[in-house]
2 protein chains.
Amino acid sequence: MDPVLAGSLPEKVEVLDTTLRDGAQAHGVSFSLQAKIRIALELDRLGVSFIEAGWPGSNPKDEEFFRAIKEYSFNHAEIVAFTSTRRKGVRPEKDPILAKVLDAETRWVTVFGKSWTLHVREVLKTTLEENLDMVYGTVRFLREHGIRVIFDAEHFFNGYLEDPEYALQVLEAAVEAGAERIVLADTNGGMLPHTVYRVVREVRERIKTPLGLHMHNDSGCAVANTLMGVLAGAEHVQVTVNGIGERTGNADLCQVVPGLELKLGVRALANPEGLRHLRRLSRLVYELAGLQPNPYQPYVGDNAFAHKAGVHVDAVLKTPRAYEHVDPGAVGNRRRLVVSELSGSANLVAWARRELGLELDKRDPRLRRALERVKKLENMGYSFDNAVASALLILLEELGLRKTPFRVQAWRVVSEGSEKGARSWGLVKLETPGGTILAAGEGGGPVHAVDEALRGALRQHLPESVEKVRLIDYRVTLPGAVRHTASTVRVEITFTDGTSAWTTTSVSSNIIEASLDALAQGIEYYLLRSQLARSRSEAPEAPRPA
Amino acid sequence: MDPVLAGSLPEKVEVLDTTLRDGAQAHGVSFSLQAKIRIALELDRLGVSFIEAGWPGSNPKDEEFFRAIKEYSFNHAEIVAFTSTRRKGVRPEKDPILAKVLDAETRWVTVFGKSWTLHVREVLKTTLEENLDMVYGTVRFLREHGIRVIFDAEHFFNGYLEDPEYALQVLEAAVEAGAERIVLADTNGGMLPHTVYRVVREVRERIKTPLGLHMHNDSGCAVANTLMGVLAGAEHVQVTVNGIGERTGNADLCQVVPGLELKLGVRALANPEGLRHLRRLSRLVYELAGLQPNPYQPYVGDNAFAHKAGVHVDAVLKTPRAYEHVDPGAVGNRRRLVVSELSGSANLVAWARRELGLELDKRDPRLRRALERVKKLENMGYSFDNAVASALLILLEELGLRKTPFRVQAWRVVSEGSEKGARSWGLVKLETPGGTILAAGEGGGPVHAVDEALRGALRQHLPESVEKVRLIDYRVTLPGAVRHTASTVRVEITFTDGTSAWTTTSVSSNIIEASLDALAQGIEYYLLRSQLARSRSEAPEAPRPA
């Protein structure tokens, strides 16, 4: 951390995660009840202080969640319901939405209210006085029912820049009514860090209740704005996992929390080991939200510690801190050495050593030939950035070590549908040392049907491979710039044997062919790697490939 | 902008774009020669000051570029070659890489050198004195050949925090040798904004040559760090389009430049209209890099001005500045209203008016029923955020206006493959007012085959629909949390008739079924929309749906 700051920071900052509430506003995102419960449990495991889970009264799904979540117990986190101030001209006890908030039976509630005169006048269409009373009355009402209150001042920064006195009066109304956290929200997300720092400093002069920050990312500064707010004296940060949220999203928990803990030396998670779950949590939320993970995401992305340019790789292995701002393991991520057309042979050598225990000479001509083939395939639309196993199969072939235990000779699929639904039947013919094997499979879709057929055939030929190897991810992308039904399809499949994971890839204009090839490669890689491991344990040192 | 700063900023900041050099280091990115030329021309049109285009001597592709680019003339930008300092123990005039740099014949060259003692000792494995001489000698050598020099101090911030005196001596060596820009690089990308601000301030005390910034995004603060550096006195910023670059990428031109021009009031582009090309440039680079655009990207992303939550939409239309931090048009983007389960009926009403010219009452029960169906489908894995046409078809059905001109009664596909490749044959049976139609089609993949069959059938029944409607995008995603070959597939297809575009979606465990359904919807939507347009032009006003 910057030595100049040592000592000037709070020892601890509270994290309120609002993935399930504000995050659910993200374009293209919608969580099932089960997904919301799973995410809440993972957030508690990480060690956040608050989980803002929904707005009772805004939709039945959220009310259902608050009923269901009572069955679960949490170690670190408080479940928080979210609501707006009472409607204008309605007494809190008569406001049906606030009644639903009480039904949610949470110990904490976030109340959001207006602090920008523009919004009070143009959107709420009421007087500045009525708005102050809506804030005061709503917070008071909840306090009288024994509920602890976090007050979110919507559009606070815009409001403060236009009319600081009124914006501060809104905060004071919430404080007088008993709010225990005062959160300054950049709802339009347009603020820059220097302004956030100055404004939080100035607010701190007037408001002694702990201040929080709720930042959106429209200027690309949500993470920086949150950290600068903490540097200015805030003690509570509101974030979402992966920064999912409306428009450009919110401050990303996966970037704010490591920034606080690893760079500013401020404790943010109740679980000291929590940070190590960060990448897993990030992946879980992408999956349940149905979003593709962002490989360039700081700290937790696939590429966050990926070293591509060949020149670096050797040096990185010798002196990590010369190239990595934090230890990848600290956030549950890992260093990746990527096979790629820009890289020298160093990467492939490193992979062969790490994955297969093969010691290769960088100048080995067979290595060069393998890299040439990798490049040629990349020009055809392949990408080996994730599919290292497929690249290693090419290397093994060039090394004369690819003794394929089986080959797919032919396959056939029939798929048909009507109003009654769809069905598929697949047939696969394998060539093996012991002769050809024919097997059939059935499934909803054509790929599922050939997958079943392949497993059927392998069960007869290599039963252990079918028992040991499980498929854990199947991805389909259309790599071309122009996409249509005749496009080439890139399939990536990730497998596991329970102890390690590997990924294969294949490209074809026929999704069944590409999938079958990637499936077969995955099994073949498992078998060849096991063979090499056995021969290593027999031989005193790694085998010198013939 | 923050009034407190008025006056304290430079009037103009130089932009150096390094998309073609540092950006090409991005994981999974590689530009063809033609792509590099096209991007350079677009950057000049935008009005950047410098285009850092490659490293002569690092690879033949880059040398080819510098030869080819001489054929083009630029209005605003200088083409810049990039190189490292001379190799240790070699005189500049004897260094083959520097010879190649002279061959590139650019008027400006960026020289990068070490300023972190750790790198000098551990990576370069030389003395601090030799490194100073490598910096001085290299810059001097280029100046003697009449080349103007930008000096990039690699890892400057890490170096300064560990050994400020040496880091500053490196900068002074470059200045004495004649460098005209001194760029402070956060090569590991781990810095936070407050430290960048402090360090730039301190360096400014010693170095009077214009300072620049080169920030990577590993802490998620590249944009903020760049802006804070300008606030501290830097006058030159190095960025890449969409922030593409190694690991988590570089500071994003598409976020830094609008931040400077729209928020800090600093001129950054020579072309006053340049900013309006921003989204187009962003799209071009994604396309040529073969990357999917990031819909959540600030300023230029599809969702940057997308308003989802129903409560907002009305207000946004009335008072944009209450919800949008800048005018979408200023960066060549536009506002988007999207259909979604969280939204009230306002969005669907707005779409029905905009797309179909239907005037609906928000309280219309048929509208409610349509939204209910949309919600139910979203719980099944559908997403209508992009597929507005599919949502409108549901609305038309509830309005009694969905007079379907055909229905897919049944389909069948046979697909087979062997070493010789794969082939598919499809058959589609359509039910139409004029009786059933049967047609067949052939293709590489199964989806292509049924697509051909459907077009064959429609050609007999509704020839104009097949002529007019073209498919411009076909996307396949596996929305489920766990993905395997039996996963549910979500298909999205975008169509155009040359004047407008629309998107449909369908979900199934069978990719053929989902694709066929989305294709049929696309044609149906086109036909129904044309009918409504015709009836409007006949009727004096929009038809009141029965």
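So, how was this worked out
- Residues numbered from 1 in each chain as written.
- Chains lettered and ligands numbered in written order.
- Predicted model: local features only at pLDDT ≥ 70, side-chain atom pairs only at ≥ 80, totals over all residues.
- Heavy atoms only, no water.
- Contact = heavy atoms within 4.5 Å.
- Buried area = accessible area lost by both parts, 1.4 Å probe.
- Salt bridge = Lys/Arg side-chain N within 4 Å of Asp/Glu carboxyl O.
- Polar contact = N/O pair within 3.5 Å; in protein donor to acceptor, adjacent residues only side chain to side chain.
- Helix = DSSP H or I, 4+ residues; strand = E, 2+ residues; numbered from the N terminus.
- Nonpolar A, V, L, I, M, F, W, Y, C, P; charged D, E, K, R; others polar.
- Buried < 20%, exposed > 50% of the residue type's maximum accessible area, 1.4 Å probe, protein only.
- Axes fitted to C-alpha atoms, helices over the stretch in contact; angles between N-to-C directions.
- Parallel < 35°, antiparallel > 145°, perpendicular 65-115°, else oblique.
- Left-handed = near helix turned anticlockwise from the far one by under 90°.
- Domains from an automatic or database assignment.
- UniProt positions renumbered as here; feature names shortened; annotations may be inferred.
- Pairing = 2+ DSSP bridges.

S.K.: I'm lost on the interface of chain A and chain B in this one. Help?
M.R.: A common way to express how large an interface is: the accessible area buried when the components associate. Listed per partner, the contact involves 109 residues of chain A and 113 residues of chain B. Interface of chain A and chain B: buried area, both sides summed, is about 9300 Å²; carbon and sulfur atoms make up 54% of it. Where chain A touches chain B, the interface holds six salt bridges. Run the count over chain A and chain B and you get 27 residue pairs in polar contact (both at pLDDT 80 or more). At 12 residues, strand E11 (residues 407–418) of chain A tops the list of elements feeding residues into the side of chain A that touches chain B. Looking at side-chain class alone, the side of chain A that touches chain B contains 49 nonpolar, 37 polar and 23 charged residues.

S.K.: Just checking my understanding: could you explain unusual backbone geometry for this structure?
M.R.: For residues besides glycine, phi is generally negative; the peptide bonds are generally trans as well. The phi dihedral of His155(A) is positive, around 50°, even though this residue is not glycine. Inspection of the secondary structure assignment puts His155(A) in the loop between strand E5 (148–154) and helix H6 (156–162). Taking the relative accessible area as the measure of exposure, His155(A) reaches 1% and is therefore buried. The phi torsion at Glu105(B) lies on the positive side, around 55°, for a residue other than glycine. As for its placement among the helices and strands, Glu105(B) is situated in the loop between helix H3 (96–104) and strand E4 (108–114).

S.K.: So what exactly am I meant to see when it comes to the packing of helix H14 (residues 365–379) of chain A against helix H15 (residues 388–398) of chain A here?
M.R.: Packed helices, taken two at a time, are described by the angle between their axes plus the distance between the axes. All names here are of chain A. Two elements in contact, H14 and H15, have axes separated by 9 Å at closest approach and are oriented at 140°. Between H14 and H15, the crossing angle belongs to the class labelled oblique. Once H14 is placed against H15, the crossing between them reads as right-handed. Contact residues: H14 offers Arg366, Leu367, Arg369, Ala370, Arg373, Val374 and Leu377, while H15 offers Ala391, Ile394, Leu395, Glu397 and Glu398. For the contact of H14 with H15, the per-class residue count stands at seven nonpolar, no polar and five charged.

S.K.: Where do I start with the domain arrangement of chain A in this structure?
M.R.: The domains assigned to chain A are domain 1 (12–289), domain 2 (306–398) and domain 3 (407–536). Using only C-alpha atoms to locate each centre, domain 1 of chain A and domain 3 of chain A end up separated by 46 Å.

S.K.: Is there a simple way to think about the UniProt feature "domain: Pyruvate carboxyltransferase" (unreviewed entry) in chain A in this case?
M.R.: In this numbering, the UniProt entry assigns the feature "domain: Pyruvate carboxyltransferase" (unreviewed entry) to residues 13–276 of chain A. Regarding residues 13–276 of chain A, the helix share stands at 42% and the strand share at 17%, and the terminal C-alpha atoms are separated by 18 Å.

S.K.: Whenever I open this one, the environment of Pro405(A) confuses me. Can you help?
M.R.: Residues and elements named next belong to chain A. Within the element layout of this structure, Pro405 appears in the loop between H15 and E11. Given a relative accessible area of 13%, Pro405 falls into the buried group. Once the C-alpha coordinates of Pro405 and Asp385 are considered, the two residues, 20 residues apart in sequence, prove to be 26 Å apart. Residues in contact with Pro405, not counting those within four places in the same chain, are Thr432, Pro433, His461, Leu462, Glu524 and Leu527.

S.K.: Please explain the sheet that holds strand E16 (residues 501–508) of chain A as it appears in this structure.
M.R.: The strands that make up a sheet are held in pairs by hydrogen bonds between backbone atoms, and each pair lies either parallel or antiparallel. Residues and elements named next belong to chain A. The sheet built from three strands is open, its strands ordered E14-E15-E16 with antiparallel pairing. Edge strands, defined here as strands with exactly one partner in the open sheet, are strand E14 (470–477) and E16. Geometrically, the sheet is characterised by an average inter-axis angle of 15° between neighbouring strands, direction not taken into account. Two strands pair when backbone bridges link them, and strand E15 (residues 489–496) and E16 are joined in this way by eight bridges, in the antiparallel orientation.

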